[in-house]
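# Geometric and topological summary
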Number of protein chains: 2
Amino acid sequence: MKIVEIREISVPLKSSLRNSVFDFSEMTTSVVAVISDVMRSGKPLIGYAFNSTGRYACGEQMRSRLIPRILSAEPDSLLDSQASNIDPAKVLARMMLREKPGGHTERSVPIGTIEVAVWDLVAKIADKPLYAVLAERFNHGHIPTTIPCYVGGGWYAPGKGVAELQAEMRSRKDEGYTVMKVKVGGAPLTEDLKRLDAAIEVMGSANQIAVDANAAWNRESALQYAKALAPYGLRWLEEPTDPLDYALMAELTGFYEAPIATAENLFSTQDIRNLLQFGGLRSDRDIIQIDVPQSYGITQFSRTLEMMQALDWQRKSVYPHGGNLMTLAIVAGFGLGGCEAYPDVFGAFAGFADDSVVENGMINLSDRPGIGFEGQEKLFGLMQSITA
Amino acid sequence: MKIVEIREISVPLKSSLRNSVFDFSEMTTSVVAVISDVMRSGKPLIGYAFNSTGRYACGEQMRSRLIPRILSAEPDSLLDSQASNIDPAKVLARMMLREKPGGHTERSVPIGTIEVAVWDLVAKIADKPLYAVLAERFNHGHIPTTIPCYVGGGWYAPGKGVAELQAEMRSRKDEGYTVMKVKVGGAPLTEDLKRLDAAIEVMGSANQIAVDANAAWNRESALQYAKALAPYGLRWLEEPTDPLDYALMAELTGFYEAPIATAENLFSTQDIRNLLQFGGLRSDRDIIQIDVPQSYGITQFSRTLEMMQALDWQRKSVYPHGGNLMTLAIVAGFGLGGCEAYPDVFGAFAGFADDSVVENGMINLSDRPGIGFEGQEKLFGLMQSITA
């Protein structure tokens, strides 16, 4: 049993979205196929993944050093102790050969993407959904039937006013979602507050609305917004600071009582540890939003969870970044707080299985082996084109 | 006046060196040429740089998004207010278009390398050495005549024992160096202490020896080594912790009295700020070792220095990582503490002008325009091959 080839293509997202900091017009993502020699129904089993949303494609790192390291390893050295499947931890260790400490993001995205594709393959070899494999290994076999799922929406767009925002939210509510995120910080505060009031009016309560500043604010703006938003009691306030500005985060948690969410732009276990040690976040309410495929993948995520647990943080505090099937499998398998969704944005790269159902804010799971991209026609067509 | 083309090639370092954490056998670097339409002696002026040492080549980021952003800008929008030269700050801002907050290293290395090459071009357009241009803009025009320069050496190598280490140090001493760094953490503590004693014997005093752990240690080893090393009163102890582990650094500075050095593996102003705010470092003795071309370049470095000054840190505390002409120009231009040298390692990418002289631990400056790569025959031949 071995990995025989790993292929990558860079695909443009072709999105006209904008948050408070940047637009996605140039954004690309790397789609990866990890091809094995394990045959099923006459075809080799293949693991797939992509590098989530918001970081550019990273094929050169894969091709110039990460893939050659994996393919040059003695195949048996990448198998588990029973030689019954590939061991993602060993593949991760192999990719980390000759890597200097620190400087994570240059490699954490390509490594994490390949590692998640390896997990897709591992679950397909085991002929089980990935969430089931993860639940067995990391959560005492406990598998939920449905998963809390909220909409990461409320984007800024040319010509999009309060009426259009409300229309967007109504259509999400009609689709079965009960919690929705709205972008803030890309308009003057008074206008953002009008957008927020309009959003609450549609969804019903402030507890059903999160707001996301995408790290747009300097200290002055962050303090001004946090003071204005505090009385609302929102579901959460996301990225009110630069992702690495732990001192400012601690200043905000000093007076902002409602939950704060962050960490989609931290990519290593040590960065998350710094956030928890120095950022003043509160384990009884605040939300950690690691993007797993961008942060060295699932094995490293399990180590981050161990570190968090040692600091008295619970798994329910984690809502991973990235509204896609990879995240859904991870949330279900590890028993995390919930999953993000991006209906109708980021093209083929957003969304879940075509037959998935959202009801009362909960999304169901499919029983397809692996991550289940095979149930997402448009995306899977793109993935298959790599190996055609 | 405009930038007409930017080219990049990836070059292997072909080094057999090893520190306590990794070897350089796969290491590559990106060499960049920024070609202008400014003619001098019948040829276009070209700025050059490379992405320092220890991080892999990064041409795909350059080609897929950074270079197209620069070349698609209105040329006049990248000039200074008198339109008399290119403005590196505007080139930097242009490269940062559509970049998400955080996740620095994936772009800080390619952006910094291009930005330093732009500074080489700017100084050539001004027909002055880069250090003179930097001194005018950032250090009241003060230009030193010679620069403190120490050897980053004492590497582990197959078959290299105490006798070979002493031979290496004697030859550096004969070349005119007075301070030398020795790698530690790649051998058992007792063996490393023997290497250290032997090194001190050659150089004359513990104040002439720094040791470098390259972030190899976990907490237990770091505490053990720091306790063993504390009585020596070494010049400095470098990277005793993971580069991002500020809590452990604060623990060490609680009892280790002699200077500690770190930061070659931090790549953003905010990471350096976190180090200074949470790492317990002492501005009266500790050493900050930013690698400028790997950290968004010279403009951003000037902002990091401003931030450091606001926290009561002096420029003399900065010894940038990277023993090359880029670092030498930056140390001389900003009035920093000193420069690193790597005699005979990293092939063409280490070292200074072929006619440079080291005397009593001080290196001289050339008066060549720009960074002065033209005086480093082997490296400049490689750089010229890009535009041939």
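Residues numbered from 1 in each chain as written. Chains lettered and ligands numbered in written order. Predicted model: local features only at pLDDT ≥ 70, side-chain atom pairs only at ≥ 80, totals over all residues.

## Side note on the pairing of strand β3 (residues 43-50) of chain B
All names here are of chain B. Burial analysis of β3 places six of its eight residues in the buried class, which makes it a mostly covered element. With seven bridges joining them, strand β2 (residues 28-40) and β3 adopt antiparallel strand pairing. If you follow Ala33 over to β3, its bridge partner there is Tyr48. Counting the residues between successive antiparallel strands, the hairpin from β2 to β3 contains two residues, one of them, Ser41, with a positive phi of roughly 55 degrees. (Buried ≥ 20, exposed ≤ 12 C-beta atoms within 10 Å, placed from the backbone. Helix = DSSP H or I, 4+ residues; strand = E, 2+ residues; numbered from the N terminus. Pairing = 2+ DSSP bridges.)

## Brief notes about the sheet that holds β2(B)
Residue and element names in this part refer to chain B. Strand order in the open sheet formed by three strands is β1-β2-β3, with antiparallel pairing between adjacent strands. Where the open sheet ends on each side, the last strands, each with one partner, are β1 (3-12) and β3. Recorded for the sheet is a direction-independent mean angle of 25 degrees between the axes of neighbouring strands. Contacts from helix α1 (residues 59-71) reach β1 and β2 within the one sheet, and its direction differs from that of β1 by about 170 degrees. Against the sheet, helix α3 (residues 105-125) contacts β1, β2 and β3, and its axis sits at roughly 145 degrees relative to β3. (Axes fitted to C-alpha atoms, helices over the stretch in contact; angles between N-to-C directions. Contact = placed C-beta atoms within 7 Å.)

## Side note on the interface of chain B and chain A
Listed per partner, the contact involves 37 residues of chain B and 37 residues of chain A. Those elements that place two or more of their residues in the side of chain B that touches chain A are α1, α3, α8 (246-253) and α9 (269-278) of chain B. Across the side of chain B that touches chain A, the residue classes break down as 13 nonpolar, twelve polar and twelve charged. (Nonpolar A, V, L, I, M, F, W, Y, C, P; charged D, E, K, R; others polar.)

## What about the packing of helix α1 (residues 59-71) of chain A against helix α2 (residues 88-95) of chain A?
Residues and elements named next belong to chain A. In contact at an axis separation of 8 Å, α1 and α2 are set at 130 degrees when each is read in the N-to-C sense. In terms of their interaxial angle, α1 and α2 are classed as oblique. With respect to the hand of their crossing, α1 and α2 are arranged in right-handed fashion. Residues Leu66, Arg69 and Ile70 of α1 touch α2, and the partners they reach there are Val91, Arg94 and Met95. In terms of residue class, the contact of α1 with α2 is made up of four nonpolar, no polar and two charged. (Parallel < 35°, antiparallel > 145°, perpendicular 65-115°, else oblique. Left-handed = near helix turned anticlockwise from the far one by under 90°.)

Taken by themselves, the reported measurements are silent on function.
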